[in-house]
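Below, each chain spelled out in residue letters.
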Amino acid sequence: MGEIHFDTKAEIDITRARDFWGALVLIALSVFFLIKTFEIPLWGENRAGVSGGDWYNSAAIVPLFIFGSMLALSIVLLITAVRAGGGARAFSQIGLGWDRAEALRFATIGAMLLAYIGGLVPRVDFILCSGLLITALIYGFYGGHMLRAVTAATVMVVAGLFAFLVFPAQENWAAKGDDWVTLALFVGLTILVLRASQETRVLRFVPLIAVTAPVVLVCAMAFGFRQNVPARGGLLFAQIEYHYYVTLRPLWKD
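This text gives an overview of the structure that appears in the document. (Residues numbered from 1 in each chain as written. Predicted model: local features only at pLDDT ≥ 70, side-chain atom pairs only at ≥ 80, totals over all residues. Heavy atoms only, no water.)

## Topic: the overall build of the protein
Step number 1: When helices and strands are counted, the protein shows 9 helices and 2 strands.
Step number 2: Its helices and strands taken in sequence order, the protein reads α-β-β-α-α-α-α-α-α-α-α from the N to the C terminus.
Step number 3: Counted over contacts in the protein with a minimum sequence separation of 6, partners at least 24 positions apart contribute 70%. (Helix = DSSP H or I, 4+ residues; strand = E, 2+ residues; numbered from the N terminus. Contact = heavy atoms within 4.5 Å.)

## Concerning the packing of aromatic side chains
For any pair of aromatic rings, the description consists of the separation of the ring centres together with the inter-plane angle of the planes.
Step number 1: This structure, assessed with the given rule, holds 5 aromatic pairs.
Step number 2: Seen from their ring centres, Phe162 and Phe167 are 6.4 Å apart, and the 70 degrees between their planes marks the pair as edge-to-face.
Step number 3: What makes Phe167 buried here is its relative accessible area of 12%.
Step number 4: Ring centres of Phe223 and Tyr245 lie 5.9 Å apart, and the angle between their planes is 80 degrees; on these two criteria the pair is classed as edge-to-face. Taken together, the residues Phe223 in helix H8 (residues 206-224) and Tyr245 in helix H9 (residues 237-253) connect sequence positions 22 residues apart. (Phe/Tyr/Trp six-rings, centres within 6.5 Å; stacked < 30°, edge-to-face > 60°. Buried < 20%, exposed > 50% of the residue type's maximum accessible area, 1.4 Å probe, protein only.)

## Quick look at a nonpolar patch on the surface
Step number 1: The grouping of Tyr142, Val202, Phe205 and Ile209 at the surface amounts to a nonpolar patch, some 380 Å² of accessible area in total.
Step number 2: Structurally, the position occupied by Ile209 is in helix H8.
Step number 3: For Ile209, a relative accessible area of 42% translates into the label partly exposed. (Patch = residues over 30% accessible without salt bridge, like charges linked within 9 Å, V, L, I, M, F, W, Y side chains within 5 Å. Areas by Shrake-Rupley, 256 points an atom, 1.4 Å probe, with all protein chains shown as cover. Salt bridge = Lys/Arg side-chain N within 4 Å of Asp/Glu carboxyl O.)

## Some details on the side chain of Asp179
Step number 1: Within the fold, Asp179 resides in helix H7 (residues 177-196).
Step number 2: It turns out Asp179 is buried and unbridged, and the closest side chain with the opposite charge, Lys176, is 5.7 Å from it.
Step number 3: When sequence neighbours within four positions are dropped, the list of residues in contact with Asp179 reads Arg123, Val124, Asp125, Leu128, Gly234 and Leu235. (Lys, Arg positive; Asp, Glu negative; His and termini not counted.)

## Topic: the pattern of salt bridges
Step number 1: A full pass over the atoms with the stated rule returns 1 salt bridge.
Step number 2: One salt bridge in this structure joins Glu241 and Arg232, with 2.6 Å as the shortest N-O distance.
Step number 3: What makes Glu241 buried here is its relative accessible area of 17%.

## With respect to the environment of Leu133
Step number 1: By the element assignment, Leu133 lies in helix H5 (residues 126-141).
Step number 2: In sequence terms Leu133 and Ala153 are 20 residues apart; their C-alpha atoms lie 9.2 Å from each other.
Step number 3: Leave out the neighbours within four places in its chain, and Leu133 touches Met112, Tyr116 and Met156.

## Quick word on H9
Step number 1: Along H9, the sharpest kink reaches roughly 40 degrees, centred on Tyr244.
Step number 2: Residues of H9 that are buried include every one of Phe237, Glu241 and Tyr244, and no others.
Step number 3: If you follow the buried residues of H9, they end up packed against H5 and H8. (Bend = angle between axes of the 7 residues up to and from the residue.)

## Structural notes on the packing of H5 against H7
Step number 1: As a packed pair, H5 and H7 sit with axes 9 Å apart at the nearest point and diverge in direction by 30 degrees. If you check the angle between H5 and H7, you find them roughly parallel. Two packed elements cross with a definite hand, and for H5 against H7 that hand is left-handed. Here H5 contributes Leu128, Cys129, Gly131, Leu132, Thr135, Ala136 and Tyr139 to the contact with H7, which in turn contributes Asp179, Thr182, Leu183, Leu185, Phe186, Leu189, Thr190, Leu192, Val193 and Ala196.
Step number 2: A breakdown of the residues in the contact of H5 with H7 according to their chemical character gives 12 nonpolar, 4 polar and 1 charged. (Axes fitted to C-alpha atoms, helices over the stretch in contact; angles between N-to-C directions. Parallel < 35°, antiparallel > 145°, perpendicular 65-115°, else oblique. Left-handed = near helix turned anticlockwise from the far one by under 90°. Nonpolar A, V, L, I, M, F, W, Y, C, P; charged D, E, K, R; others polar.)

Here it is, written out as structure tokens:
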């Protein structure tokens, strides 16, 4: 019993120390993105005497809420880790410990997020790239299957690299080629998810979540909060926007 208690305590020490390091990284990222967000006009921009709009129409509102909440939660995590002794253990051998499985997990998550933020979001339809990310994260990390994580990360990187390398310049971001490639990869990864759902029933809900969540989010941003959305002319959202203004909106405007 004594040895089991020691192992459990060691695992807790490692978790608290890594909570400390993770909180610091999240705080740094939150502050960085908040600084970048404040570069977006919030109170209305005035150019040549013409106002750019009211504050509630600013594109800064949603990212301010997201990264402000992320900063607040990161500070709470840091305080909790310090109170639990994570700060004191952070520079110890326990706090700096690292294993191959954890390194692979962090590397695959980092690769997915980098491909999503740097390659896909500015260029590819928001619904497609966000659905692909949700599918990749759930398929890759639910159940702790490292082969699935590597497969999911590879799919994300291929999609991100194609969009970044083939359409690097902003004037080409409206092209649909990267949307079609992302859609094909999305469908292929969804097939793998559905095959895996024969053993893990909860994965059957992944396609529904992967489509519904970004559709609701992007529609709320575009039509509810009147925010600018990434890749507005994307393969799917362009159709949604067209039918909203041409088919649906006249029903209550006319």
